[in-house]
Every structure is written in structure tokens, then in C-alpha cells.
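A closer look at the structure
Residues per chain are reported as follows:
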Amino acid sequence: MVGTSTATGRWRPVLHDTALWAALSAAGFYAYTDRAAPSLALDLLLPLSVLAVAVPGSRRRPGAAVFAANALCAVGLAATPPAASPYLLALAALAYLLGVRGTDAGRALLLLGTCVAVDLAVCAVLAVDAVYWFYVLALVPLALLPPWLAGRHRQARLALVHGGWERARVLAEQQRSVAERAGLRERTRIAADVHDSLGHQLSLIALRAGALELSPTLSGQDRADLAGLRADVADAVGHLRETLTVLRADEEAPGTAPRGAFVDAPGTAPAAESVDALVRRAREAGVAAEVHREGEPPLRSPLITRTVHRVVQESLTNAVKHAPGAAVRIRLTHRDDRTTVRVTNSPPPEGASPAAPPASGGGHGLTALRERVQLVGGTLRTGPYGDGGYEVCAVLPDAVGSRRPSDGPYAPQGPFPPHGPYAPQGPDQDPGPLHGLADARRRTRRRFVVAFAVPGALGAVMLVSAALLAHQLTACVLRPADFAGLRTGRTSTELARVLPERQFPYVPDRVADDHPEPPGTVCAFYRSNGNLLEQVDIYRLCYADSRLVAKDVLPGTRRG
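Please read these numbers as outputs of a predicted model, since none were measured by experiment.

What counts, and at which threshold
Residues numbered from 1 in each chain as written. Predicted model: local features only at pLDDT ≥ 70, side-chain atom pairs only at ≥ 80, totals over all residues. Heavy atoms only, no water. Helix = DSSP H or I, 4+ residues; strand = E, 2+ residues; numbered from the N terminus. Buried < 20%, exposed > 50% of the residue type's maximum accessible area, 1.4 Å probe, protein only. Contact = heavy atoms within 4.5 Å. Pairing = 2+ DSSP bridges. Axes fitted to C-alpha atoms, helices over the stretch in contact; angles between N-to-C directions. Disulfide = S-S within 2.5 Å. Salt bridge = Lys/Arg side-chain N within 4 Å of Asp/Glu carboxyl O. Parallel < 35°, antiparallel > 145°, perpendicular 65-115°, else oblique. Left-handed = near helix turned anticlockwise from the far one by under 90°. Nonpolar A, V, L, I, M, F, W, Y, C, P; charged D, E, K, R; others polar. Phe/Tyr/Trp six-rings, centres within 6.5 Å; stacked < 30°, edge-to-face > 60°. Lys NZ or Arg CZ within 6 Å of the ring centre and 35° of its normal.

What follows covers the overall build of the protein chain. For the protein chain, the count of helices and strands is 14 helices and eight strands. The burial tally for the protein chain puts 35% of its 560 residues in the buried class. A separation threshold of at least 6 residues defines the contact pool for the protein chain, and within that pool the share at least 24 residues apart is 68%.

We now examine the sheet that holds strand E2 (residues 328-335). Strand pairing in a sheet relies on backbone hydrogen bonds. The paired strands run either parallel or antiparallel. Pairing is mixed across the open sheet formed by five strands, whose spatial order is E1-E2-E3-E5-E4. With partners counted over all chains shown, the strands left at the sheet margins are strand E1 (289-294) and strand E4 (379-385), one partner each. This sheet shows a mean twist of 15 degrees between the axes of neighbouring strands, independent of strand direction. In terms of strand pairing, strand E3 (residues 338-345) meets strand E5 (residues 389-397) through eight bridges, oriented antiparallel. Within E5, the position partnered with Val343 by the bridge is Val392. Sitting on the sheet, helix H9 (residues 302-322) touches E1, E2, E3 and E5, and the angle it makes with E5 is about 175 degrees. Along the sheet, helix H10 (residues 365-375) makes contact with E4 and E5, crossing E4 at roughly 145 degrees.

This structure, assessed with the given rule, holds one disulfide. Residue Cys523 pairs covalently with Cys542 via a disulfide, S to S 2.1 Å. Between Cys523 and Cys542, the S-S torsion sits near 100 degrees, and that sign places the bridge as right-handed. Of this pair, Cys523 sits in strand E6 (residues 522-527) while Cys542 sits in strand E7 (residues 538-544), placing them 19 residues apart in sequence. Assigned by exposure class, Cys523 and Cys542 land together as buried.

On to the pattern of salt bridges. Evaluated as defined, the whole model comprises 12 salt bridges. We note a salt bridge from Glu173 to Arg169, for which the minimum N-O separation is 2.7 Å. Here Glu173 and its partner Arg169 are both found in helix H6 (residues 130-213), four residues apart, which amounts to about one turn of the helix. Judged by its relative accessible area of 39%, Glu173 is partly exposed. Overall, Arg169 belongs to the partly exposed group, its relative accessible area being 34%. For Arg490, the salt bridge is made with Glu494, and the minimal N-O distance between the two is 3.8 Å. Among the residues examined, Arg490 registers a relative accessible area of 28% and is labelled partly exposed. A relative accessible area of 41% means that Glu494 is categorised as partly exposed.

On to the environment of Leu77, then. Residue placement: Leu77 occurs in helix H3 (residues 62-77). For Leu77, a relative accessible area of 1% gives the class buried. For the pair Leu77 and Cys123, spaced 46 residues apart in sequence, the C-alpha to C-alpha distance is 7.1 Å.

Now for the packing of H9 against H10. Relative orientation of the contacting elements H9 and H10 amounts to 160 degrees, with a least axis distance of 10 Å. In terms of axis orientation, H9 runs roughly antiparallel to H10. In this structure, the crossing between H9 and H10 has a hand that is left-handed. Between H9, through Leu303, Arg306, Thr307, Arg310, Val311, Glu314 and Asn318, and H10, the contact on the second element is made entirely by Gly365, Leu366, Leu369, Arg372 and Val373. Here the residues of the contact of H9 with H10 sort into five nonpolar, three polar and four charged.

With that out of the way, let us pick up the sheet that holds E6. A sheet is described by the order of its strands in space; here three strands give the open sequence E6-E7-E8, paired in antiparallel fashion. Looking along the sheet, the strands with just one partner apiece sit at the ends: E6 and strand E8 (547-554). On average, adjacent strands in this sheet sit at an angle of 20 degrees to one another, irrespective of strand direction. Where E7 meets E8, seven bridges bridge the pair, whose relative direction is antiparallel. Looking across to E8, one finds that Tyr543 is bridged to Leu548.

Here we come to the packing of aromatic side chains. Inspection of the entire model under this criterion finds one aromatic pair. Judged by centre distance (4.0 Å) and plane angle (5 degrees), the ring pair of Phe483 and Tyr539 falls under stacked. Taken together, the residues Phe483 in helix H12 (residues 480-485) and Tyr539 in strand E7 connect sequence positions 56 residues apart. Among the residues examined, Tyr539 registers a relative accessible area of 7% and is labelled buried. A cation sits over an aromatic face here: Arg527 above Phe504, 5.9 Å from the ring centre. Positioned over the ring face of Phe483 is Lys551, at 4.8 Å from the centre of the ring.

Have a look at this one:
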């Protein structure tokens with residue numbers, strides 16, 4: 001498959017050049033067949049051979065290709081009699097390719113001017129008629145300059161798009177790198193939580209082993225085994241502390257640790273702080289926060305408990321940073337074997353402005369939080385909420401490694417849009433510059449379509465309406481000769497073969513008022529001719545008991 005794609009890509013330029021050469025040669029062949037006494041070699045084979053070299057040569061030397069096409073046009077001036085060259089189309093096409101493939105605008109303009117000067121010199125040497133001077137001064141520049149400008153525009157647009165995609169690629173790589181660092185920092189925080197919980201449990205084991213050593217019922221061997229167990233546990237706690245010290249030293253490098261209003265550096269937050277205590281701290285800091293619980297709190301893994309704490313902590317931080325003064329509502333729902341943490345904040349009060357993020361924050365809190373939630377087997381969704389608010393929703397299992405909440409009945413319901421007016425900024429909320437550029441291109445295409453589609457649709461509707469009206473007006477025309485041949489006393493059935501298929505439905509009210517219908521009759525109206533732009537006379541036929549009793553000519557305009 002790769003080999004096939006490579007071969008196709010190698011032959012694509014050849015196919016494009018062949019198609020272009022065939023299209024440009026068609027004009028020359030048509031001119032050759034239209035000449036009175038053409039020369040096969042000079043009028044057909046030579047020009048087509050020049051184009052066969054110029055078209056593919058324009059990829060490497062577009063200027064030389066333009067000069068060759070202009071030479072073909074100059075040769076037409078030397079013909080007997082002189083003629084406008086059919087290769088102006090080739091000149092325009094190669095001038096466009098010069099704009100697309102050329103790099104030096106000054107040299108290109110000099111080349112175009114040289115082409116016109118050469119043609120003028122040929123006119124002067126051959127002393128051609130004035131019409132051919134007009135041809136050189138008007139048509140040749142028209143075939144050179146506008147196509148070249150269009151090619152320059154195309155070249156600039158391609159360069160802009162290429163540069164934009166390259167910039168987007170670099171930004172995407174940078175954002176991925178930042179997101180990876182944020183994930184690594186969150187793993188370090190998880191390691192700290194593991195030390196706080198596991199280290200505490202190991203210390204208890206060592207303490208109980210030390211207490212058992214003092215039991216009078218144990219033999220000496222039992223005491224020796226317990227002493228060895230206590231020493232192994234102490235060594236394990238030491239190794240755990242040493243490993244965490246190395247991780248913390250890397251995380252606490254300047255400018256890398258995440259900070260926020262309620263986000264503490266690893267090791268500084270209370271290891272067993274509850275959500276209620278965290279909310280109490282937030283209230284003391286002036287945040288209007290409240291907690292609601294549904295269901296009986298389960299016996300969760302300590303790591304899950306810390307993750308619940310982190311979700312609430314990060315949500316409070318973002319609410320204070322991006323929506324100061326907003327009310328924050330925290331809802332903890334415990335069902336089956338999972339816990340749903342939903343934190344919502346209202347829009348900030350009028351006049352309040354989002355606080356500037358700390359210089360060392362980085363704005364990647366939700367990326368790190370998503371990493372933590374996924375590591376314990378949960379899911380995290382974030383997005384706008386209500387009219388200007390924001391919501392963070394995490395669903396966590398009660399035990400690490402259990403079935404993901406996204407597979408169960410209590411998964412977060414969404415989808416949540418990735419952006420909001422008070423959403424935390426950073427790669428965790430940014431779908432990426434590549435996606436943003438694609439969105440911008442789609443919006444541009446939609447605006448372009450709307451700009452032309454709406455007037456086009458209105459024009460189409462008006463055109464169809466005009467066609468229907470024209471049909472109605474022309475289908476109710478009664479020729480004057482037929483009208484003159486109608487005789488009163490004849491039945492409507494006898495007259496049907498000369499009358500139009502439709503009656504005129506738009507009789508002006510002023511005409512009907514000036515010429516009332518005879519009493520006891522039913523009248524039909526017809527136009528006297530098919531002129532669509534003027535008011536014409538109207539023929540009126542009045543019937544009584546299906547017999548024609550009166551015929552009148554109603555003037556289309558008032559007279560006198």
C-alpha cells in the first residue's frame with residue numbers, strides 16, 4: 001500500500017502537466033484547423049513542442065516557460081497576415097504558475113515587462129497595423145499581470161496555511177509536553193498520598209510487632225522473628241520515605257509545582273483532611289460554598305478518599321480564580337460501589353473580574369486532576385454549566401482497580417463542552433491548536449458559503465417566481481384576431497377551442513370599478529398581448545346561461 005501511494009505521488013506531477021499541455025494545445029489545434037493555408041510544422045508541431053517543454057519546465061524555471069509562451073505570441077505577429085496568437089491562454093496559465101512557483105517578485109515583474117517590450121519591438125520592426133499594437137498593449141499585459149497576481153496570492157495563501165499548520169504542530173507538541181509534566185506531578189502527589197496512608201499503616205504494624213515482643217507467652221524464637229519483622233517494616237518505611245523525598249525534590253523545582261487558592265504543595269496539606277474541613281477553610285476565606293450528600297458514605301480506599309478531596313480542592317481553586325464571588329455547590333452522591341463528586345459554581349457577580357492566575361500556577365490543574373482520576377479508575381468531565389457557570393464532575397470507584405464508572409449506570413452524563421466563559425485556561429481545556437485551526441477553516445468556509453448562498457437562494461426564488469408569473473401572463477393571452485371573430489350568442493363550449501387555457505387573474509380594481517359587469521352575467525378576462533413589461537388592454541367576455549352576451553375591451557391605462 002505504501003509503495004502504491006509513493007508511485008502515485010511520483011506520477012501525479014506528470015499527469016497534471018500532461019493534462020495542462022493538452023488543454024493549452026487544444027486552442028492551438030483549433031486555430032490551426034481554422035487557418036486558410038496552415039503549415040503543419042510551423043503552425044502546429046513547433047508550438048506544441050515548445051509547450052511540451054515549457055509546461056513541465058515551469059516547475060524548475062517558471063520564468064523561462066513564460067518567455068517561451070510569449071515567443072509563440074510574438075511569432076503570430078510575424079505571420080502573413082499578422083494574427084492574434086491562440087497561445088495567449090498558454091501565456092496566462094504559465095504566468096499564473098510563475099506567480100505560484102516564483103520567489104522574487106522584482107525579477108518576475110522585470111520578466112513580464114521584458115515580454116511586453118519584445119512584443120512591441122516586433123510590432124515596430126514589422127510595422128504592423130494599429131489593431132495589433134492595441135493587441136500587444138492591451139491583451140498581452142492582461143494575459144500576464146492578472147494571472148501572475150492571482151498566482152502570487154495563491155502562493156502567499158499556501159505559505160500562510162503551511163506556516164499556520166507548522167506553528168500549530170509546534171504548539172500541540174508543547175501542550176502535550178506540558179500535559180505530560182502535569183500528569184507526572186500528579187503522580188508524585190499520589191505517591192505522597194500513598195506515603196501518608198501506607199506509611200501510617202506500616203508504622204502501626206511495626207508498633208504492634210514491638211508490643212508483641214514483650215508478651216511473656218512468646219518463646220525466644222518468636223521474639224526474634226517479631227524483631228526481624230519490625231526491622232523489615234521499619235526498613236520499608238525508610239525506603240518509602242527516601243523514594244518520596246526524591247520525587248518531591250523533582251516536583252518542587254522552581255516554577256513546576258501547582259499552586260492555587262486551596263491547592264497545597266505536597267506534604268503541606270493535612271493528610272486526613274476531610275471534604276467538610278476543606279469547605280470550612282474555603283468559607284473562612286470568604287467563599288460561599290456548601291456541601292450536600294446523598295447516600296451512605298462507603299468505606300473507601302484512602303487513595304480514593306484523597307482523590308475526592310483533590311476534586312473538590314481543585315474545583316474550589318478554579319472557582320476562586322476564574323469566578324470570584326460566585327457561589328459554589330458541592331454534591332457528593334454515594335450509590336452502589338461508586339461516588340459521584342459534582343462541583344458547580346454560578347457566574348460571578350456583575351463587576352467582579354476573574355483573578356489573575358499566580359505566576360507559578362501554569363494553569364494545568366484539571367490536566368493533573370484528570371490524570372489522578374483516571375489512575376484510580378474514575379472519569380472526569382468538565383464544562384460550562386447553566387447561564388455562565390461551570391461544572392466539574394468526577395465519578396470514582398470505591399476501590400482502586402474496579403470497573404470504570406464510564407461503564408456503569410452512574411457515569412457522568414454529558415457531553416460537556418470543552419470551553420466556557422470562566423473555564424480554567426490551559427491545555428486541559430484547549431482541544432489543541434490543530435483542532436482550533438480546523439475550526440477556523442470550517443467557519444471561514446461556512447461564512448463564504450453563506451455570503452454567496454443566501455443571495456443566490458434569494459435570486460433563485462425571485463427567478464422562479466418571475467418565471468411562474470411570466471407563464472401566468474402569457475398563458476392567458478387572447479389574440480386580437482380571435483377576439484374580433486367572437487360572436488355573441490355562442491355557447492362557452494363552442495368558444496373553448498379559441499380561448500386560452502387560463503383566464504387573467506390580476507384584473508386591476510380600478511379597471512373593474514370603471515367598467516362594472518352587466519347584471520346577471522359571469523365574466524372572464526384575458527390579456528390582449530404577451531407584453532410582460534407594460535399594462536395592456538384586457539378583453540372581457542360575459543356569459544349568461546353559458547352563452548356569450550357581451551364582449552368588451554377594457555383599457556389597461558386610464559384615458560382622458
